[in-house]
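Each chain, letter by letter, is given below.
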Amino acid sequence: MTSQDIIEELKQESSKKYKANVIKMGIPEENSIGVPTSQLRTIAKEIGKSNEMAYELWKSGYHDAKLLAVLVFEVKKLSFKDIDQLMDDVISWDLCNFISKQMIMKRKDYDDFIEQWIDSNHVYKKRAAFVLIGSAVIKNKTITHDTLNQYLYLIQTHLDYDHEHVKKAVSYALREIGKKDFEYNEKVLLMVDEMLQTQNKTQVWIARDVKKELENVVEAKGRERLISCQSKMGES
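1. Things to note about the layout of surface pockets
Piece 1. Its boundaries defined by the atoms lining it, the largest pocket holds a volume of some 220 Å³.
Piece 2. Surrounding the largest pocket, 13 residues form its lining, Lys 49, Val 70, Leu 71, Phe 73 and Lys 106 being those nearest its centre.
Piece 3. Elements represented by at least two residues in the lining of the largest pocket include exactly α3 (37-47) and α5 (63-72).
Piece 4. The element contributing the most residues to the lining of the largest pocket is α3, with three residues.
Piece 5. Along the lines of polarity and charge, the residues of the lining of the largest pocket split into five nonpolar, two polar and six charged.
Piece 6. The volume enclosed by the second largest pocket comes to roughly 170 Å³.
Piece 7. Taken together, Tyr 18, Asn 21, Val 22, Met 25, Thr 37, Leu 67, Trp 93, Asp 94, Asn 97 and Phe 98 make up the full set of residues lining the second largest pocket.
Piece 8. Looking at the lining of the second largest pocket, the elements that each hand over two or more residues are α2 (16-24) and α7 (93-102).
Piece 9. Here the lining of the second largest pocket takes four residues from α7, the largest share from any one element.
Piece 10. Grouping the constituent residues of the lining of the second largest pocket by class yields six nonpolar, three polar and one charged.

2. Re a positive patch on the surface
Piece 1. Side chains of Arg 41, Lys 45, Lys 49, Lys 106 and Lys 139 sit close together on the surface and give a patch of like positive charge.
Piece 2. Looking at the secondary structure, you find Lys 45 in helix α3.
Piece 3. Assessed through its relative accessible area of 73%, Lys 45 is described here as exposed.

3. Re the nonpolar core
Piece 1. Formed by 74 residues in total, the largest nonpolar core has its most connected members in Leu 10, Ile 99, Ile 155 and Leu 174.
Piece 2. With 10 residues, helix α9 (residues 123-139) is the largest single contributor of residues to this core.
Piece 3. If sequence neighbours within four positions are ignored, Leu 174 has contacts with Leu 152, Ile 155, Val 188, Met 191, Val 192, Ile 206, Val 210 and Leu 214.

4. Concerning the side chain of Gln 102
Piece 1. Relative to the helices and strands, Gln 102 resides in helix α7.
Piece 2. Leaving out residues up to four positions away in the same chain, Gln 102 has contacts with Arg 41, Val 70, Leu 71, Val 75 and Asn 97.

5. Regarding the packing of helix α11 (residues 164-178) against helix α13 (residues 201-214)
Piece 1. Close contact between α11 and α13 brings their axes to 9 Å; oriented N to C, the two are set at 35 degrees. Note that α11 runs across α13; the crossing there is right-handed. Packed against α11, whose contacting residues are Lys 167, Lys 168, Val 170, Ser 171, Leu 174, Arg 175 and Gly 178, the element α13 presents Thr 202, Trp 205, Ile 206, Asp 209, Val 210, Glu 213 and Leu 214 at the interface.
Piece 2. When its residues are assigned to classes, the contact of α11 with α13 shows six nonpolar, three polar and five charged.

What counts and what doesn't
Residues numbered from 1 in each chain as written. Predicted model: local features only at pLDDT ≥ 70, side-chain atom pairs only at ≥ 80, totals over all residues. Heavy atoms only, no water. 1 Å grid on protein atoms, 1.4 Å probe; cavity = no way out; pocket = protein on both sides within 12 Å on 5 of 7 lines; lining within 4 Å. Points joined across faces, edges and corners; volume = space filled by probe spheres on them. Helix = DSSP H or I, 4+ residues; strand = E, 2+ residues; numbered from the N terminus. Nonpolar A, V, L, I, M, F, W, Y, C, P; charged D, E, K, R; others polar. Patch = residues over 30% accessible without salt bridge, like charges linked within 9 Å, V, L, I, M, F, W, Y side chains within 5 Å. Areas by Shrake-Rupley, 256 points an atom, 1.4 Å probe, with all protein chains shown as cover. Salt bridge = Lys/Arg side-chain N within 4 Å of Asp/Glu carboxyl O. Lys, Arg positive; Asp, Glu negative; His and termini not counted. Charge placed at Lys NZ, Arg CZ, Asp CG, Glu CD. Buried < 20%, exposed > 50% of the residue type's maximum accessible area, 1.4 Å probe, protein only. Core = buried A, V, L, I, M, F, W, Y, C linked by side-chain atoms within 4.5 Å. Contact = heavy atoms within 4.5 Å. Axes fitted to C-alpha atoms, helices over the stretch in contact; angles between N-to-C directions. Left-handed = near helix turned anticlockwise from the far one by under 90°.

What follows is the structure, given as structure tokens:
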């Protein structure tokens, strides 16, 4: 099966409704096919892992093919530079998140990406840094207080990038830290209270978004992390 065969298969699986939603995210219509992620996962399993194929799909220019490529890449065989160059092409939050969670979080060096990208002026590299922080807090069951405190420091010193997709990622990172336990819930709430006192509209937006969730969290039986009391588990 060639990359062109796969592109043709993607076109056969296209959904007009899904394509319309993708276009609303800012993906040019000519670069969108409209294949649901669940179907991309099925096709990725059929293809198997191959960096050669993944690069061919990525270079096709189709958004859906890039998402598929993320699932096909042999992640551990890629260098930091390889992934950094892939992110140069990213123009949407969903592809940014996909690379962060499906590729980088499967590597041991994900903190290197956080440290390098949090200073970037590339919107989606900066967003990815915060997405990786939030994902690391969830997935790393042995995360230390030193690491959590370092993440809070990085967030606090990189708050002022006024782009919707970055602000939302900062909020995500803070909310996930704040749901680690009640100690970090208090730390994050104190931090956002200070942010609310500033004249900075970006910080105020983030603080309000974080506070409305973290003020209402509870412990739930069988869960290691705090959850929103508005969830079904929180209500039971």
